[in-house]
Amino acid sequence: MGMADALVAGGWGLFAGAALLVGAVVGAFFSVPARWVALIMAFGSGVLISAVSFDLVAEAHEQGGLAPTAAGAVAGATLYSLANVALARRGARHRKRSGGQQPSEREQPGSGSAIAVGALLDGVPESVVIGTSLFGGGSVGTATVAAVFLSNLPEGLASATGMQRAGRSRAYVFTLWSAIAAVSGLAALAGYTLLDGASGTTMAAITALAAGAILAMIADTMIPEAFEQAHLLTGFTTVLGFLTAFVLSHG
């Protein structure tokens, strides 16, 4: 394991995380119709679901078998859900919403910090998986990076729009997503450096843990935002995203 490989892993994590900042900039300076934001969110959800299914869970099963894969996925979903409940009570329930659902700091003190921690909670599992995909001299999973990047764009866009409607400044929004992008890079680097050489069972459990957390995040935060505006087009658009990622991973 060389430092150059570790930096490459961190770079891919930073690249995927930077999509949050790109989406935030678009949301801050351009008026994107809520329906289009919702459709992009639905597409990103489908892309992530495909990546979880074919790149993460399938790989975990191949590495360690059914038991650590199932245990890891349940643990990931449980940890994410518990943390999400705690953050929701502090004002971060609607952190990916573009409408007026997000509370202002006056309405709920501390909600800005909760939203920031929630964004971190959403992004770290994805980044760790990007880092671990480079083990053994392998190349980073195209579908995984594409899935995270494509899902982060509407996340940043919707969240930035919602934050500004809640009275938060552009400086706050841009600082938040810049920090999350940087942490995404560090998480990918950490995933590569700390887990290289781990046993197949350990890697299966960790990969599945990330998959469970990501799938719970999709159901809890992304699909509700998509459905609120896109309604009956949500399912169709999600399938298009799913198939796009499937083609990328099997092309």
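As the structure is a prediction and not an experimental result, all values here were calculated from the model.

Comments concerning the nonpolar core
If you look at the biggest cluster of nonpolar residues, it comprises 23 residues, and the most contacted ones within it are Leu48, Leu56, Ile214, Met217 and Met222. The set of elements that each furnish at least two residues to this core consists of helix 2 (34–64), helix 5 (142–165) and helix 7 (200–230). Among the elements that line this core, the one with the most residues is helix 7, at 9 residues. Among the nonpolar cores identified, the runner-up in size contains 9 residues, and Leu20, Ala24, Ala119 and Leu176 belong to it.

Observations regarding helix 6 (residues 170–195)
Given a rise of 1.5 Å per residue, 26 residues ought to cover 38 Å, and the 37 Å separating the end C-alpha atoms of helix 6 matches this to within 8%. Where helix 6 ends, the next residue or the one after it, glycine 197, has phi of about 95°, a positive value.

Things to note about helix 1 (residues 3–29)
The end-to-end C-alpha distance of helix 1 is 38 Å, a good match for the 39 Å that 27 residues give at a rise of 1.5 Å each. For helix 1, every residue scored as buried is listed here: Ala6, Ala9, Gly10, Gly13, Ala16, Gly17, Ala19, Leu20, Gly23, Ala24, Gly27 and Ala28.

Structural notes on unusual backbone geometry
At histidine 231, a residue that is not glycine, the phi angle is positive and equals roughly 55°. Mapped onto the secondary structure, histidine 231 falls in the loop between helix 7 and helix 8 (233–250). Look at histidine 231 and you get partly exposed, because its relative accessible area is 41%.

What to know about the packing of aromatic side chains
Tallied over the full model, the rule gives 5 aromatic pairs. One aromatic cluster is present, formed by Trp12, Phe15 and Phe149 through successive ring pairs.

Reading guide: rules and limits
Residues numbered from 1 in each chain as written. Predicted model: local features only at pLDDT ≥ 70, side-chain atom pairs only at ≥ 80, totals over all residues. Heavy atoms only, no water. Core = buried A, V, L, I, M, F, W, Y, C linked by side-chain atoms within 4.5 Å. Buried < 20%, exposed > 50% of the residue type's maximum accessible area, 1.4 Å probe, protein only. Helix = DSSP H or I, 4+ residues; strand = E, 2+ residues; numbered from the N terminus. Expected span 1.5 Å × (residues − 1). Phe/Tyr/Trp six-rings, centres within 6.5 Å; stacked < 30°, edge-to-face > 60°.

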